[in-house]
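Listed here are the chains, written in short residue letters.
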Amino acid sequence: MPQTISLDKKNYHSTKANKHYFSVSQFKSFEECEARTMAELDGSYTRPSTNALLVGSYVHAAFEGDETFNQFIEENNGAIFKGRGGKYADFETADRMIETVKNDSFCMFALDGEKEQIYTANLWGVDWKIKVDSINHDRKTFSDLKTTQDLHKRYWSTKYDDWVSFVEAWDYVLQMAVYRRVIEENTGVLYTPYIVAVTKQNPPNKAVLHFAESRFGFEYEYIETKIERMKDVKAGEVDPIRCEKCDYCRMTKRTRDTMEIGELIWS
């Protein structure tokens with residue numbers, strides 16, 4: 001790989017940074033579709049922005065400070081506010097979520113710390129980058145704010161071969177596992193991770209979530225089974241596999257043969 005790139009908030013999400021560093025989101029993207037991920041890295045494809053992502057960013061910005069939040073609102077004014085005044089429904093929901101967390105002293109205690117801190121480390125033979133929502137060096141903890149539909153909704157996971165919560169379903173355990181290792185490489189101390197979760201219900205529900213230590217070992221083994229191929233694909237040493245299901249694959253798909261109907265749900 002090329003020489004390590006110094007990261008800041010301006011270049012953290014740049015193509016140059018993404019080409020050099022793995023991140024949890026890139027790892028998950030490779031799992032979903034190698035072809036789409038490589039197309040994003042070479043600049044031939046940009047994933048369309050969704051309202052859900054914008055709303056999530058809006059909620060996160062609210063906890064980074066007034067200046068950051070006001071700047072976010074100014075930059076996305078047209079998406080947040082209706083032409084005749086007032087906010088769109090999704091952002092009214094987001095305001096209720098923000099208020100719910102800010103009015104809960106324990107949630108705010110869990111989120112107390114330095115915001116949006118960037119760290120890098122070499123793990124499993126590749127360079128990783130992380131940006132931590134909140135890290136508290138005095139308490140040796142870090143936390144991440146997550147939004148979800150319902151705290152208690154169940155999802156079927158092929159990875160875990162079981163019913164799981166939204167935390168496992170969206171690979172937040174894997175995220176926290178990587179973050180704690182990267183932070184340990186930088187500080188020499190194993191920090192404790194927490195998730196502050198708030199729901200999109202009316203009224204919103206909320207919780208501060210911790211992790212049993214036993215959960216992380218599985219995630220590290222899981223990364224080890226996947227990372228070598230991802231590294232080879234990213235380096236251009238092996239051809240990426242198409243998932244044939246994502247937006248990129250649907251857009252670029254060329255049919256060449258028939259499918260037996262069983263392949264519709266098992267492929």
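Scroll up to find the structure this text is about.
Residues numbered from 1 in each chain as written. Predicted model: local features only at pLDDT ≥ 70, side-chain atom pairs only at ≥ 80, totals over all residues. Heavy atoms only, no water.

A. Here's a closer look at the pattern of salt bridges. On inspection of all chains with the given rule, the structure shows 15 salt bridges. A salt bridge links R47 to E40; the nearest nitrogen and oxygen atoms lie 2.9 Å apart. Of the residues examined, R47 reaches a relative accessible area of 34% and is grouped as partly exposed. If you follow the salt bridges from partner to partner, you end up with E32, R36 and D247 in one network. (Salt bridge = Lys/Arg side-chain N within 4 Å of Asp/Glu carboxyl O. Buried < 20%, exposed > 50% of the residue type's maximum accessible area, 1.4 Å probe, protein only.)

B. Structural view of the environment of T199. Examined against the element boundaries, T199 turns out to sit in strand 6 (residues 192–199). Spatially, the C-alpha atoms of T199 and T187 are 33 Å apart, while their sequence positions differ by twelve residues. For T199, the contacting residues outside a window of four places in its chain are M97, T148, Q149, D150, L151, P204 and N205. A distance of 2.8 Å separates the side chain of T199 from the side chain of Q201, its partner in a polar contact. There is a polar contact of 2.7 Å between the side chain of T199 and the backbone nitrogen of N205. (Helix = DSSP H or I, 4+ residues; strand = E, 2+ residues; numbered from the N terminus. Contact = heavy atoms within 4.5 Å. Polar contact = N/O pair within 3.5 Å; in protein donor to acceptor, adjacent residues only side chain to side chain.)

Note that all results are geometric; they support no functional claim without further evidence.
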